[in-house]
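This is what each chain is made of:
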Amino acid sequence: MSTQVPALLDGLVDDAAVFPPGSAPLPDAVAAHRRHRASWYADLVGPLLVPASRLPELAALLDPGEEIEVGVIGDVPVARLDEARAGLDPRIRVRQVEAAVAKRGEDPLPGLTELVGLARRARRADGPAADGLAVYAEVPLTFGLMGALDALAAARADGLPVAAKFRTGGLAAELFPTPAELAAVICACRDRGLPFKLTAGLHEAVRHLDPETGFTHHGFANVLAATLAAAEGAGVERVAELLTATDPRPLVQRVEDALAAARPLWVGFGSCSILEPLTDLIRLGLVNGGFDA
């Protein structure tokens, strides 16, 4: 049986196999990503996320004639991300660059200015080759957040392919935003016409208490339903209600009604496992599992 991933879910899950908690060796991650990209659910899968410091290892892991799309995660200073992209094997296409611009409690604007400068330099140096490159600024949900979103929106209005990225989990309770906090951020991005990505904590489709971490995790189906509502003009309170829901039925109903359309606002999220979110989507009836004959 052949199965097509609905348009709403296209590219929803970036392949973060090399990052915790999966922490796969890079050769294993490349081999698994190759299988994902050849599978019936390939349209669900975004680029392979690779730390900037490990990009030089990638070319040797590719088959002859093979090409790969990657997202570069900034584990080096922003000033060195230009260097990381320069001189790459032409089979490696950098689709996105992502970097944290500040720690919690720090002013995000200096780091954000550096990252916007990278986007500007890429456009100037690469010309048409920069088309399709997106630059994501990971902004902490604390001091200076709204000013940072204003700055990103201004750069985007100036034609730069920049967007926001937010952390929705981690190893400490303060890294998990409340539903109200996340709803406010989603609506703030909506009001500015600003796409966003999410990272960490989205291990399952529906909001749940994780017995291993002891933290209540956001569900990616909650985020999808909440983003759809925000795009339709819902306020923070309604968006937060959808983020809080632990019953999948209202989430599925809202998502099912929009499956044929492109996903608004939310670019997607990284997961160290592709099969776990895929399994949840199949279980909820949002994707029909199948195998190519």
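Quick note: structure is the one above.
Each value, and the rule that gives it
Residues numbered from 1 in each chain as written. Predicted model: local features only at pLDDT ≥ 70, side-chain atom pairs only at ≥ 80, totals over all residues. Heavy atoms only, no water. Helix = DSSP H or I, 4+ residues; strand = E, 2+ residues; numbered from the N terminus. Expected span 1.5 Å × (residues − 1). Buried < 20%, exposed > 50% of the residue type's maximum accessible area, 1.4 Å probe, protein only. Core = buried A, V, L, I, M, F, W, Y, C linked by side-chain atoms within 4.5 Å. Contact = heavy atoms within 4.5 Å. Pairing = 2+ DSSP bridges. Right-handed = clockwise from strand over helix to strand, strands pointing away.

1. Focus: helix α6 (residues 220–231)
A turn of α-helix holds 3.6 residues, and therefore any two residues three or four places apart point the same way. For α6, built from twelve residues, the straight-helix expectation of 16 Å at 1.5 Å per residue is met to within 8% by its first-to-last C-alpha distance of 16 Å. Taken as a whole, α6 has its buried residues at F220, A221, N222, V223, L224, A225, A226, T227, L228, A229 and A230. Directly after α6, the chain includes G233, whose backbone phi takes a positive value near 105 degrees.

2. Re the nonpolar core
Ranked by size, the top nonpolar core spans 93 residues in total, and within it F166 and W266 carry the most contacts. Per-element tally for this core: the top contributor is α6, with nine residues. In this view, W266 contacts L12, F196, K197, L198, L202, F220, V223, L224 and T227; residues no more than four positions away in its chain are not counted.

3. Quick notes on the pairing of strand β6 (residues 162–167)
Of all six residues in β6, five are buried; the element is thus mostly enclosed. Bridge analysis of strand β5 (residues 134–138) against β6 gives four bridges, and the strand direction is parallel. Note that in β6 the partner of A137 across the bridge is A164. Between β5 and its parallel partner β6, the chain crosses via helix α4 (residues 145–157), and the hand of that crossover is right-handed.

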